[in-house]
Amino acid sequence: MLRAARALLAMRDPLDAELAFSEMLGTWWGERVPGVDVERLLGEGLVAHATASGNPAGLGVLAAVSALGTSPAQRHLAEQGMIALRERGLQVPEWASQLGAVTPLAAYVHGDGFGDTDDIVCVFGRGRNRGAAPPPEHALILVVDHNGGGLLRDAWVTAKVDQLLDQCRARAEKDDFTRFSQMDLGTARALLTRALERTDLVVAGASADPGAGPTVPAVGLGAADLTGGSLAAHYALARSRIRALPTPNTAAPPVPVWRRDSRAVLAARFLASDEAAGLSDSYAASRCVDHIIAYGCDVDSGRPLRVSPRKVETFLLHWLPGRVVLLPEEQEAMPHVLAAWVRWAGALTRLPEAALGATLDAVWDSTGPFVRTYRDPARPLGLRQEAVRRLLPDGDFAALARRMFAFPLLASEIVTGAPEEFDPATQRGRRALLRLDHYGEYEAATPHNGRHSSGQDHWYRPVTGTDPERERELDRHERLAERLWHGRPAHLWRAARRLLDRGMDRPTVLAALSTELEAASDETDLRRRLDSL
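Just so it is clear, the structure is predicted and the values come from calculations on it, not from any experiment.

1. Some thoughts on the packing of helix 3 (residues 38-53) against helix 5 (residues 72-87)
Link 1 in the chain: Their axes nearest at 9 Å, the elements helix 3 and helix 5 cross at an angle of 5°. As far as their axial angle goes, helix 5 and helix 3 are roughly parallel. Note on element contacts: helix 5 touches helix 3 through Ala73, Gln74, Leu77, Ala78, Gly81 and Leu85, opposite Glu39, Gly43, Glu44, Val47, Ala50 and Thr51.
Link 2 in the chain: Classifying every residue of the contact of helix 3 with helix 5 by side-chain character gives six nonpolar, four polar and two charged.

2. Considering the nonpolar core
Link 1 in the chain: One finds Phe270, Phe315, Trp319, Met334, Val337, Trp341 and Leu513 to be the most contacted residues of the largest nonpolar core, which totals 78 residues.
Link 2 in the chain: Counting residues per element, this core draws most heavily on helix 13 (residues 328-348), which supplies ten residues.
Link 3 in the chain: Here valine 337 is in contact with Phe270, Leu279, Ala285, Cys288, Val289 and Ile292, once residues within four sequence places are set aside.
Link 4 in the chain: If you look at the next biggest cluster of nonpolar residues, it comprises 57 residues, including Leu25, Leu192, Ala232 and Ala236.

3. Notes on helix 9 (residues 230-244)
Link 1 in the chain: Helix length check: helix 9, at 15 residues, gives a terminal C-alpha distance of 21 Å against a target of 21 Å (1.5 Å per residue), a fit within 8%.
Link 2 in the chain: Helix geometry: helix 9 is bent most strongly at alanine 236, by close to 45°.
Link 3 in the chain: Turning to helix 9, its buried residues number three or more, namely Leu231, Ala232, His234, Tyr235, Ala236, Leu237, Ala238, Ser240, Arg241 and Ile242.

4. Remarks on the pairing of strand 1 (residues 102-112)
Link 1 in the chain: Counted residue by residue, strand 1 has nine buried out of eleven residues, so it is predominantly covered.
Link 2 in the chain: Strand direction decides the pairing type here: strand 1 and strand 2 (residues 117-126), joined by eight bridges, are antiparallel. Bridging from a neighbouring strand, alanine 107 pairs with cysteine 122 of strand 2.
Link 3 in the chain: With antiparallel pairing between neighbouring strands as the criterion, strand 1 and strand 2 make up a hairpin whose turn holds four residues, including glycine 115 at a positive phi of roughly 80°.
Link 4 in the chain: Taken together, the six bridges between strand 1 and strand 5 (residues 178-183) define a ladder with antiparallel strand orientation. Pairing of aspartate 112 across the sheet is with threonine 178, part of strand 5.

5. Some words on empty space enclosed by the protein
Link 1 in the chain: One pass over the structure, following the stated rule, counts two cavities of 30 Å³ or more.
Link 2 in the chain: Of the pockets and cavities examined, the largest cavity occupies roughly 80 Å³.
Link 3 in the chain: Surrounding the largest cavity, Ile292, Tyr295, Gly296, Pro304, Arg306, Val307, Lys311, Val312, Phe315, Leu338 and Trp341 form its lining.
Link 4 in the chain: Contributing elements (two or more residues each) for the lining of the largest cavity: helix 11 (282-298), helix 12 (309-323) and helix 13.
Link 5 in the chain: Counted by class, the lining of the largest cavity contains eight nonpolar, one polar and two charged residues.
Link 6 in the chain: Its volume calculated, the second largest cavity comes out at about 40 Å³.
Link 7 in the chain: In this structure, the second largest cavity is lined by Ala406, Leu434, His438, His477, Leu480, Ala481, Leu484, Arg506 and Leu510.
Link 8 in the chain: Looking at the lining of the second largest cavity, the elements that each hand over two or more residues are helix 18 (427-439), helix 19 (468-486) and helix 21 (506-519).
Link 9 in the chain: The residue inventory of the lining of the second largest cavity, partitioned by class, reads six nonpolar, two polar and one charged.

6. Things to note about the sheet that holds strand 4 (residues 151-158)
Neighbouring strands of a sheet are bound in pairs by backbone hydrogen bonds; such pairs are parallel or else antiparallel.
Link 1 in the chain: With antiparallel pairing, five strands are arranged side by side in an open sheet as 4-3-2-1-5. For this open sheet the edge positions go to strand 4 and strand 5, each flanked by a neighbour on one side alone. Neighbour to neighbour, the strand axes of the sheet diverge by 20° on average, direction disregarded.

7. Focus on the pattern of salt bridges
Link 1 in the chain: Following the criterion strictly, the structure yields 30 salt bridges and no others.
Link 2 in the chain: Between aspartate 525 and arginine 528 there is a salt bridge, with its nearest N and O atoms 2.6 Å apart. One end of the pair is aspartate 525 and the other is arginine 528, both in helix 22 (residues 523-532) and three residues apart, which spans about a single turn.
Link 3 in the chain: The class for aspartate 525 is buried, based on a relative accessible area of 12%.
Link 4 in the chain: Among the charged side chains, a network of salt bridges with common partners joins Arg430, Arg431, Arg435, Glu471, Asp475, Glu478 and Glu482.

8. What to know about a nonpolar patch on the surface
Link 1 in the chain: A cluster of nonpolar side chains, Val33, Val36, Leu41 and Leu42, forms an exposed patch at the surface whose accessible area comes to about 320 Å².
Link 2 in the chain: Looking at the secondary structure, you find valine 33 in the loop between helix 2 (14-25) and helix 3.
Link 3 in the chain: Since its relative accessible area comes to 43%, valine 33 is described here as partly exposed.

Conventions and cut-offs
Residues numbered from 1 in each chain as written. Predicted model: local features only at pLDDT ≥ 70, side-chain atom pairs only at ≥ 80, totals over all residues. Heavy atoms only, no water. Axes fitted to C-alpha atoms, helices over the stretch in contact; angles between N-to-C directions. Helix = DSSP H or I, 4+ residues; strand = E, 2+ residues; numbered from the N terminus. Parallel < 35°, antiparallel > 145°, perpendicular 65-115°, else oblique. Contact = heavy atoms within 4.5 Å. Nonpolar A, V, L, I, M, F, W, Y, C, P; charged D, E, K, R; others polar. Core = buried A, V, L, I, M, F, W, Y, C linked by side-chain atoms within 4.5 Å. Buried < 20%, exposed > 50% of the residue type's maximum accessible area, 1.4 Å probe, protein only. Expected span 1.5 Å × (residues − 1). Bend = angle between axes of the 7 residues up to and from the residue. Pairing = 2+ DSSP bridges. 1 Å grid on protein atoms, 1.4 Å probe; cavity = no way out; pocket = protein on both sides within 12 Å on 5 of 7 lines; lining within 4 Å. Points joined across faces, edges and corners; volume = space filled by probe spheres on them. Salt bridge = Lys/Arg side-chain N within 4 Å of Asp/Glu carboxyl O. Patch = residues over 30% accessible without salt bridge, like charges linked within 9 Å, V, L, I, M, F, W, Y side chains within 5 Å. Areas by Shrake-Rupley, 256 points an atom, 1.4 Å probe, with all protein chains shown as cover.

Right under this line is the structure:
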């Protein structure tokens, strides 16, 4: 990297230098090695190496990292390194003194009436022009994908600012379905900060980790999709420019929160509409519309009524197959319910006739791929639907494997006779499952006279006395199982899979996870310990 930096010393334009260094810093963005903080190892290691080099190329690298570094620690270390090299008589290149020295001038939002994406256009000038705002030097365009969960999907830079803005205005004037408007700089910072945080969670592999705070699941986009394109090359520059935007006077516009009762009312309104009158199976339709509303509320920034071709494709081909368990009749009904929902929601939101037709076409075009893509998760695993319902009361297909690992007896027919006594949502049910799993003991609340019982129950031993050490061990098992059930933190199940892949049996893996869980001082320490397994 220092050799590459020597070639950059001949540059004259600070923007060109920023783009080149941003691409350099983005080469390891999203790289993960168990037990290693790659960003810290390579980022701070680069700073240390540049400081030790004692040459102009090293000073140029330090200047770039102090302006574009992706963490406060990186930028602080780079500033300290610059001070040390300057004290040794080295001079910083002319362009290096201007890195990051930009003034935000304006922000705009561009999109269409469907609302699948928002292109946030941020215009910047370089430095100050005798106390006045400098002329526009470049625009940074960041694409926020709402179908994917509000992530940053793409980024690019142009120096032809006036040409870009003129084209956007002209397009909006000619096409009523195109949106282009100016927005407050502080609002732009708040919206982009939220999108950047969601993107970082996906790249770090923590988007499904409730322990990291409220998150939105990424749909149709993975870490490789985000780190393998132009977003990675512009990531460091984007972070720097977002920091340069003014702090908003108020928080970002809040995402509408749809409580369970509000969602139920919306579903009832739809099911009572003329558009839903032709749906033959009312129970399947009710279940399907619950999923449609959940996707709109949880993924699409609280907008269940927004419909578009891309949204219905993402819902059918990416969100449903990876996250939801559908009964056979629900699989058959889903495209028909979705089409009825598009007609109903399109009328409510006054979607133009051509846009409504394009969305309906997308539903039927996606039906064939949906039938081929969606597979009943119970079939390849040999599970009955009753077992799947016990393991996935929330329909979260992504949780199936770790919940079977935490409570394997839920996948068996043993618990069929007393489902309320083995309910993992209750402390008593979890305790009963774990006691039976680890010790083969069970204290039945009522006599069992079903297929597994014949006067005397031989499939379990009654609980005999209370052993304090055993109860403490059950406490540890319960803490671990509850975290696995909820996937908190996501690092827990990733560590378990690594250990299983090495050939360890389930009791050994549980013991290793429990040891780290008990030894961790806080959630950050726990995640570090789990990554080291």
